[in-house]
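Okay, here's what each chain looks like letter by letter:
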Amino acid sequence: MDELQEKRRRIRELMQYAVPDGQAAEAQDLLIIFRDDRLALTVLDEFYQYLPEAQDDWIKELRLVGRKSGVFLLAAVTSVNAYLYLVSNEGIEFHGSMQEGYLDKDLQQFFGFLSAEQFSEQISNINEFSLYEPIQTDLDTCPACHAITGEEHELGCPVEICPWCGGQLVHCECRFAQLDQEEMTTDQDLIRFEEVLQEKGRLVYTPEQRPSFADEGPGIEVQ
């Protein structure tokens, strides 16, 4: 059983204890919509494991509050409240309820909110934020590292294109040629390669780059 299958299985089990009678079908529908979306499944898993209000509840929808450089601020909208989750390939953090209207200052700046007052005002109406779309259908999001159109990929993303040969950066030989060595064995090698890559000019994500291997994760191999 792969990672996503295991996560779906666990979420279904947790739903049996958390979702109120009569809402099971709708809660399951959301799980079906996001069955192949690693980020959404992470939010569902976190929510149903640690119910924020310590009472039966269920997620009706996910709203996109902010995203940048593969990091998403998602609102899990339930029958009781809406809750903020910071989620990426690196993991997930719970950031309280929307009613509290609070977000750490550094995160406010990261996602482009000018002040705490502006953030609080904007989230007062959750419907002003767009529904979060499954990664596999959102052409403006890299399916592997979640960079959006115009952003640089996470280093090691299998979707990134090599600026020297036009091939797949994680598999072409250009990284060895540019470092003038036969293998990359240390973190310092990766740092040097990233510097050379930046000097050449990294190719940012565009929808035309979307491949058929969306389930692969980032990771340039240190051989």
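Below or above, wherever it landed, is the structure these notes cover. Since this is a predicted model, take the numbers as computed values, not measurements. (Residues numbered from 1 in each chain as written. Predicted model: local features only at pLDDT ≥ 70, side-chain atom pairs only at ≥ 80, totals over all residues. Heavy atoms only, no water.)

A few points about unusual backbone geometry
- Of note in this structure, Ala54 is not a glycine but carries a positive phi near 55 degrees.
- Topologically, Ala54 is positioned in the loop between helix H3 (38-49) and strand E1 (59-68).
- Here the phi dihedral of His146 falls at roughly 70 degrees; this positive angle occurs in a residue that is not glycine.
- Position of His146 among the secondary structure elements: in the loop between helix H5 (116-122) and helix H6 (174-179).
- Exposure remark for His146: the relative accessible area of 3% places this residue in the buried category. (Helix = DSSP H or I, 4+ residues; strand = E, 2+ residues; numbered from the N terminus. Buried < 20%, exposed > 50% of the residue type's maximum accessible area, 1.4 Å probe, protein only.)

What about the pattern of salt bridges?
- For the coordinates displayed, the defined rule picks out 12 salt bridges.
- Between Arg9 and Glu13 there is a salt bridge whose closest N-O contact spans 2.6 Å. Placement of the pair is Arg9 and Glu13 together in helix H1 (residues 3-18), with a separation of 4 residues, close to one helical turn.
- Salt-bridge contacts for Asp189 lead to Arg192; the nearest nitrogen and oxygen are separated by 3.9 Å. On the criterion of helical spacing, the pair formed by Asp189 and Arg192 is a turn pair, its members being 3 residues apart in helix H7 (residues 187-200).
- On the basis of relative accessible area, Asp189 is assigned to the buried category, the value being 9%.
- Relative accessible area serves as the criterion here: at 33%, Arg192 is assigned to the partly exposed category.
- Within this structure, Glu6, Arg9, Arg10, Glu13 and Asp45 form a network of salt bridges that share partners. (Salt bridge = Lys/Arg side-chain N within 4 Å of Asp/Glu carboxyl O.)

No statement about biological role is implied by the geometric values presented.
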